[in-house]
Amino acid sequence: MAKVQVPTAVVAAGGLVGGYATARFTKKRPLGGVVLAVAGAVAAKGWQERAGGTAAVALGAAYVAAFAGSHPLAKKVGAWPAVFGVAGAVGLASWAVADRRP
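Residues numbered from 1 in each chain as written. Predicted model: local features only at pLDDT ≥ 70, side-chain atom pairs only at ≥ 80, totals over all residues. Heavy atoms only, no water.

Some points on the packing of helix H1 (residues 8–26) against helix H3 (residues 53–77)
Axis angle and axis distance: for two packed helices, these are the angle between their axes and the distance between the axes, and together they describe the pair.
Step number 1: Orientation of H1 relative to H3, taken along the N-to-C sense of each, is 25°, at an axis distance of 11 Å. One element, H1, and the other, H3, form an angle in the roughly parallel class. The crossing of H1 and H3 is right-handed. Contacts between H1 and H3 involve Ala12, Gly15 and Leu16 on the former and, on the latter, Tyr63, Ala66 and Phe67.
Step number 2: The residue makeup of the contact of H1 with H3, split by class, is five nonpolar, one polar and no charged. (Axes fitted to C-alpha atoms, helices over the stretch in contact; angles between N-to-C directions. Helix = DSSP H or I, 4+ residues; strand = E, 2+ residues; numbered from the N terminus. Parallel < 35°, antiparallel > 145°, perpendicular 65-115°, else oblique. Left-handed = near helix turned anticlockwise from the far one by under 90°. Contact = heavy atoms within 4.5 Å. Nonpolar A, V, L, I, M, F, W, Y, C, P; charged D, E, K, R; others polar.)

A few points about the side chain of Ser70
Step number 1: Mapped onto the elements of the fold, Ser70 is located in helix H3.
Step number 2: Those residues in contact with Ser70, other than ones at most four positions away along the chain, are Ala82 and Val86.

Structure representation (structure tokens):
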């Protein structure tokens, strides 16, 4: 059976969006944090395997910065636009660094 590899860009962006959605709709912020953390760990493993340790550290820092940066950004543009914006940025960075390689 062939192993299906989900692009790390999808995992990272999905973790940011899914973490926020989980927290918002369940009204349980820690549960959203679990989704965010699990997706981040899965993405980090993929970054390490595909692009190496330095890239994994840089992309992990971008993931955490996106999460933190979405909060003040949400005050200016709204929660969902902020989450989608930072998720898109992290997804693009992840694709550029780790996923576009054959």
